[in-house]
There are 2 protein chains.
Amino acid sequence: MTGISSFRQADIEEAEAYLDREPPAEIDPRLEPLVNEIISRVADKWTMLILEVLNEHGVMRFSEIGRAVDGISQKMLTQTLRQMEREGLVTRTIYPVVPPKVEYALTPLGDSLGRAFCGVWLWAERHIDEIESARAAFDACKDK
Amino acid sequence: MTGISSFRQADIEEAEAYLDREPPAEIDPRLEPLVNEIISRVADKWTMLILEVLNEHGVMRFSEIGRAVDGISQKMLTQTLRQMEREGLVTRTIYPVVPPKVEYALTPLGDSLGRAFCGVWLWAERHIDEIESARAAFDACKDK
DNA sequence: TTCTACACTCTCTTTTTGGTAAGTATAATT
DNA sequence: AATTATACTTACCAAAAAGAGAGTGTAGAA
């Protein structure tokens, strides 16, 4: 139940138009290492998937996220959520009850990151066939 | 010389408008695992950086890319370029001369991926301060 | 009284990743 | 005759990432 399925129409249309455009220009080279660092921490597999399920379902409990994100281990779930909390992408609300209850939700920052990734999801969805056939052609060629 | 600095004005404006929008909707949940897999292979550090320098410089030789991408080892350069070639993101043209000469260039597919990442670069650039202060606040709180 | 749910934490082991350094082939250069 | 440049490949090793599994504390259900 995760994946592309969670994007709103407005975002999709915008990202699609954007994918058909021409290439790059200039902004600020000084920020570069900083930006690289941020991207490397934020653009990992589990972060992207958690971002999506939270975007789709709103507020969720620890174990709910665990069930929604296919194949994630408890360890990775805790670790990724802590990292996301640290970066300001999610809020963590603890209810002092027993058994424990902890709720996670996206911050506006986390939400905006989800939107930024929309273009990449759309790209992947759009170009699945192209990639598959490129790979098949490459492998066939190298096997000979 | 890499980083955000290489995006064209049209892309930047489009991505900026896009970052200010509201969240997600529905597309196709069946593609999900496939899309996840593609993203996990394509959204890694070196791929993103190579994508950028090629986008900025056009056709490049092996050692030129090595010089342009800060900190990459020969091994990772070869490995990443092969993978990108396999996915259909770059073309590899070998000139049978000595010493060897090999040229790399983005395919239209590789080029479109670069554009898809534009939104993420812009997001990171825009929110550096927010992330830094979230992190500082988190760490200060946990240290007590 | 034992069991379950919850949200973890901790340790141990395996897998993956990536760096270093050496080797290859050959023509031109010093 | 030794060196340089090019674009690699291969072997080895260290570090980092990630999975598996057990442990924790407590209230309420069976």
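Below: a short report on this structure. Since the structure is predicted, the reported quantities are computational estimates derived from the model, not experimental observations. (Residues numbered from 1 in each chain as written. Chains lettered and ligands numbered in written order. Predicted model: local features only at pLDDT ≥ 70, side-chain atom pairs only at ≥ 80, totals over all residues. Heavy atoms only, no water.)

Let's shift gears to the protein's contact with DNA strand D. Taken together, 18 residues lie near DNA strand D, and A:K75, B:Q74, B:R92, B:P100 and B:Y104 sit nearest. Backbone atoms, meaning sugar plus phosphate, form 65% of the atoms of DNA strand D positioned within 4 Å of the protein. At a separation of 2.6 Å, a phosphate oxygen of DNA strand D approaches a polar side-chain atom of B:Y104. When residues of the surface near DNA strand D are traced back to their parent elements, those giving at least two are α5 (74–86) of chain A together with α4 (62–68), α5 (74–86) and β3 (101–106) of chain B. (Near = heavy atom within 4 Å. Polar contact = N/O pair within 3.5 Å; in protein donor to acceptor, adjacent residues only side chain to side chain. Helix = DSSP H or I, 4+ residues; strand = E, 2+ residues; numbered from the N terminus.)

The subject of this paragraph is the protein's contact with DNA strand C. Close contacts around DNA strand C come from 17 residues, with A:Q74, A:R82, A:R92, A:Y104 and B:K75 the closest. The protein-proximal atoms of DNA strand C, defined as those within 4 Å of the protein, are 61% sugar or phosphate. Here a sugar or linking oxygen of DNA strand C and a backbone polar atom of A:P100 are 2.9 Å apart. Note that a phosphate oxygen of DNA strand C is positioned 2.8 Å from one of the side-chain N or O atoms of B:S73. Within the residue set of the surface near DNA strand C, elements represented by two or more residues are α4 (62–68), α5 and β3 (101–106) of chain A together with α5 of chain B. Among the residues forming the surface near DNA strand C, the class breakdown is eight nonpolar, four polar and five charged. (Nonpolar A, V, L, I, M, F, W, Y, C, P; charged D, E, K, R; others polar.)

In this section: the environment of B:G66. Residue and element names in this part refer to chain B. Considering the arrangement of structural elements, one finds G66 in helix α4. Under the relative-accessibility criterion, G66 is labelled partly exposed at 24%. With 16 residues separating them in the primary sequence, G66 and I50 have C-alpha atoms 9.1 Å apart. Ignoring any residue separated from it by four or fewer positions in sequence, one finds G66 in contact with I72 and L77. (Buried < 20%, exposed > 50% of the residue type's maximum accessible area, 1.4 Å probe, protein only. Contact = heavy atoms within 4.5 Å.)

Any link to function would need more than the numbers given here.
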